[in-house]
Amino acid sequence: MNIMDGALGVVIAFMWGVILMGLDLSNTDIPALALTILITTISTCGLGLLLGCLALITVNVMFVNNFVYFLLLIFSGANVQLSQMPAWVQSISFWLPLTRGIAAARLLVDGASLSRVSWLLMGELGIGLLYGVLGYLLFSVFEVVAKRRGTPEVF
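Residues numbered from 1 in each chain as written. Predicted model: local features only at pLDDT ≥ 70, side-chain atom pairs only at ≥ 80, totals over all residues. Heavy atoms only, no water.

A. How the structure looks around helix H6 (residues 114-149). In this model, H6 (36 residues) spans 49 Å end to end at C-alpha, consistent with the 52 Å of a helix rising 1.5 Å per residue. At leucine 120, H6 is deflected by roughly 30°, the largest bend along its length. Among all positions of H6, only Val117, Leu120, Leu121, Glu124, Ile127, Gly128, Tyr131, Gly132, Gly135, Phe142 and Ala146 are buried. On its buried face, H6 sits against helix H2 (30-52) and helix H5 (99-109). Immediately downstream of H6, the backbone of glycine 150 shows phi near 75°, a positive value. (Helix = DSSP H or I, 4+ residues; strand = E, 2+ residues; numbered from the N terminus. Expected span 1.5 Å × (residues − 1). Bend = angle between axes of the 7 residues up to and from the residue. Buried < 20%, exposed > 50% of the residue type's maximum accessible area, 1.4 Å probe, protein only. Contact = heavy atoms within 4.5 Å.)

B. Structural detail: the layout of surface pockets. Quantified by volume, the largest pocket comes out at close to 1,600 Å³. Every residue lining the largest pocket is counted, 49 residues in all, and those nearest its centre are Thr40, Ser76, Ala78, Leu98 and Ile102. Elements that contribute at least two residues to the lining of the largest pocket include exactly helix H1 (3-21), H2, helix H3 (61-75), H5 and H6. Tallying contributions element by element places H2 first for the lining of the largest pocket, with ten residues. Grouping the amino acids of the lining of the largest pocket by side-chain chemistry returns 28 nonpolar, 18 polar and three charged. (1 Å grid on protein atoms, 1.4 Å probe; cavity = no way out; pocket = protein on both sides within 12 Å on 5 of 7 lines; lining within 4 Å. Points joined across faces, edges and corners; volume = space filled by probe spheres on them. Nonpolar A, V, L, I, M, F, W, Y, C, P; charged D, E, K, R; others polar.)

Purely spatial values, then, with no claim about function.
Structure, rendered in structure tokens:
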């Protein structure tokens, strides 16, 4: 999945939220929300690169991906606001993508301006870049390991 596919999925989810759940976007800065979706998608792609490189060294990559997916649902504030979670959950969420993007989107839907959520977006982009760089570096290492083992097509 590329960045635009992920962003399109979020836009479709917002449309369903408006149609089925009565989500009110009348106070929302739509360009700021679009930027938030794009930055959050980039951030999750960084995590995807990090997880994708595991396919070079293990056959159980789908188990790991699903486990991380559910961790993101629990720890990112997607289903339950982080303010209602224990402090240890909040500290873990600090290191995950989606967390700041979800918070920024909620604030924007409530009528906040881009300047108010810019620090969240910069943090989201930073964590995404961190995961992307780690994913790139690990991919380079795991590629050598896979070639040495003769298992680059394991997945």
